[in-house]
Amino acid sequence: MQKEYEEKTGRAHKPLSPKQNVRKNLDFEPLSTTALILEDRPANLPAKPAEEAQKHRQQYEEMVVQAKKRELKEAQKRKKQLEERCKLEDSIGNAVLTWNNEILPNWETMCCSRKVRELWWQGIPPSVRGKVWSLAIGNELNITHELYDICLARAKEKWRSLSTGGAEVECEDAGFSAADREASLELIKLDISRTFPSLCIFQQGGPYHDMLHSILGAYTCYRPDVGYVQGMSFIAAVLILNLDTADAFIAFSNLLNKPCQMAFFRVDHGLMLTYFAAFEVFFEENLPKLFAHFKKNNLTPDIYLIDWIFTLYSKSLPLDLACRVWDVFCRDGEEFLFRTALGILKLFEDILTKMDFIHIAQFLTKLPEDLPSEEFFTSIAAIQMQSRNKKWAQILAALQKDNREMEKGSPSLKR
């Protein structure tokens, strides 16, 4: 094509000058702005002085050296990341073998051993997480797969009845009005649409939408006295990601039956205030400076704790980090939920002490999305859940006892 063009135009092809050939001899094609340094000026402008040309050449060579350094640094960074990833995968693989071959077959004898507790803290491998959670949560309510099917069938019957405007369904929740049940079902629909929206798997048309809807609907039939409470969808969703539907329902029902969860989901104000009071004992013990700052700004625990406890941190933290919190929560119980809260406050103590009420509330309501997991768990590990030689359970029990005695002895309360 070049020859044809030259023959037609009558212009002979001239070999490139050494200066023009510079770019062809480079190891890589430089950016246009970089290449301009080596180009001659247009013919209608004075030629570059030799000193200026030499200066530009040196600048260009320096730029190439810097580019190669950056490229080498990036390559080293990628290599290090790959090595860490391989190391993590090997660690997870070994942990899976340990859990499957040693721990799970001997759960009753090994679950409380020091070795297992250490493995638990490091994070349960995703492939065995569901099994471990089920065993740790237990099934004190003796729920079977058949009971789940019965509850789900009743829930579907309710949905059909409410959608067609038919007669009220007779079941255990006869004391609850159709309006209450309809409001509960509408809240389920609304909450499902807001559950992990970035994953796009629980919303209408997503692969886990029906499973989540089924579990929450079945629970409203199983516990009509509790019904559906905002935040439950996040707990059920996390369980669905790790368990089959029926097993997720069993774990979900037993988890919500724990004293702390039942106090919050049934909105037992007296017991909730007792939990907040116990939390503040350890808050003051571990973080006195931040505790005083919160008191000065009238920032009470309910402002940030309610959302964290209701969803077990699954809404507030990145999902992988929330699952690690769940791992240790299944090991240590409700105490770890409040220890995690103190760990968060400790991690951001320097930032929070410089904020006012509004900014603290906003910050704790929406935590940073790029929380480093190891730094986060190091912060939690630094929290001591012991005050004046008393542990969490003892402090909580003492506060509950004081509240009962106050209720019995207070004339105003009696009146």
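Check the entry above for the structure.
Read on for a plain summary of the structure. (Residues numbered from 1 in each chain as written. Predicted model: local features only at pLDDT ≥ 70, side-chain atom pairs only at ≥ 80, totals over all residues. Heavy atoms only, no water.)

### A few points about the overall build of the chain
How we decide: Numbered from the N terminus, helices here are DSSP runs of H or I no shorter than four residues, and strands are runs of E no shorter than two. In this scheme, a residue with accessible area under 20% of its type's maximum is buried, one over 50% is exposed, and one in between is partly exposed, where area comes from a 1.4 Å probe on protein chains only. We call two residues in contact whenever any of their non-hydrogen atoms come within 4.5 Å of each other.
Scanning the chain from terminus to terminus reveals 23 helices and two strands. With 415 residues in all, the chain has 40% of them scored as buried. Sequence-distant contacts in the chain: of pairs separated by 6 or more residues, those separated by 24 or more amount to 68%.

### Digging into the packing of helix α17 (residues 319-332) against helix α21 (residues 373-381)
Note the cut-off: Here, axes are lines fitted to C-alpha atoms. For helices the fit covers the stretch in contact, and angles between N-to-C directions go from 0 to 180 degrees. When the near helix sits turned anticlockwise from the far one by under a right angle, the crossing is termed left-handed; a clockwise turn instead gives a right-handed crossing. In this classification, the charged set is Asp, Glu, Lys and Arg, the nonpolar set is Ala, Val, Leu, Ile, Met, Phe, Trp, Tyr, Cys and Pro, and all remaining amino acids, among them Gly, are polar.
Two elements in contact, α17 and α21, have axes whose closest approach is 11 Å; the angle formed by their N-to-C orientations is 35°. The two elements α17 and α21 cross, and the hand of that crossing is right-handed. Across from L321, R324, V325 and V328 in α17, the residues of α21 making contact are S373, E374, F376 and F377. Looking at side-chain class alone, the contact of α17 with α21 contains five nonpolar, one polar and two charged residues.

### Looking at the pattern of salt bridges
Where charged atoms of side chains with opposite charge meet at close range, the side chains can pair. The cut-off we apply is this: For salt bridges, the criterion is a side-chain nitrogen of Lys or Arg within 4 Å of an Asp or Glu carboxyl oxygen.
Counted by the stated rule, this structure contains eleven salt bridges. For R129, the salt bridge is made with D327, and the minimal N-O distance between the two is 2.8 Å. Of this pair, R129 sits in helix α7 (residues 126-137) while D327 is found in helix α17, placing the two residues 198 residues apart along the sequence. Residue classification places R129 among the buried residues on the basis of a relative accessible area of 9%. Overlapping salt bridges bring together R117, R331 and D332 as one network.

### Describing the environment of T109
Note the threshold: Identification of polar contacts relies on pairs of N or O atoms within 3.5 Å, with a donor-acceptor requirement for protein atoms, meaning one able to donate a hydrogen and the other able to accept it, and with residues adjacent in sequence counted only if both atoms are side-chain atoms.
Within the secondary structure, T109 sits in helix α5 (residues 107-110). Judged by its relative accessible area of 69%, T109 falls in the exposed class. Looking at T109, its side chain comes within polar contact range of the main-chain oxygen of N106, at 3.1 Å.

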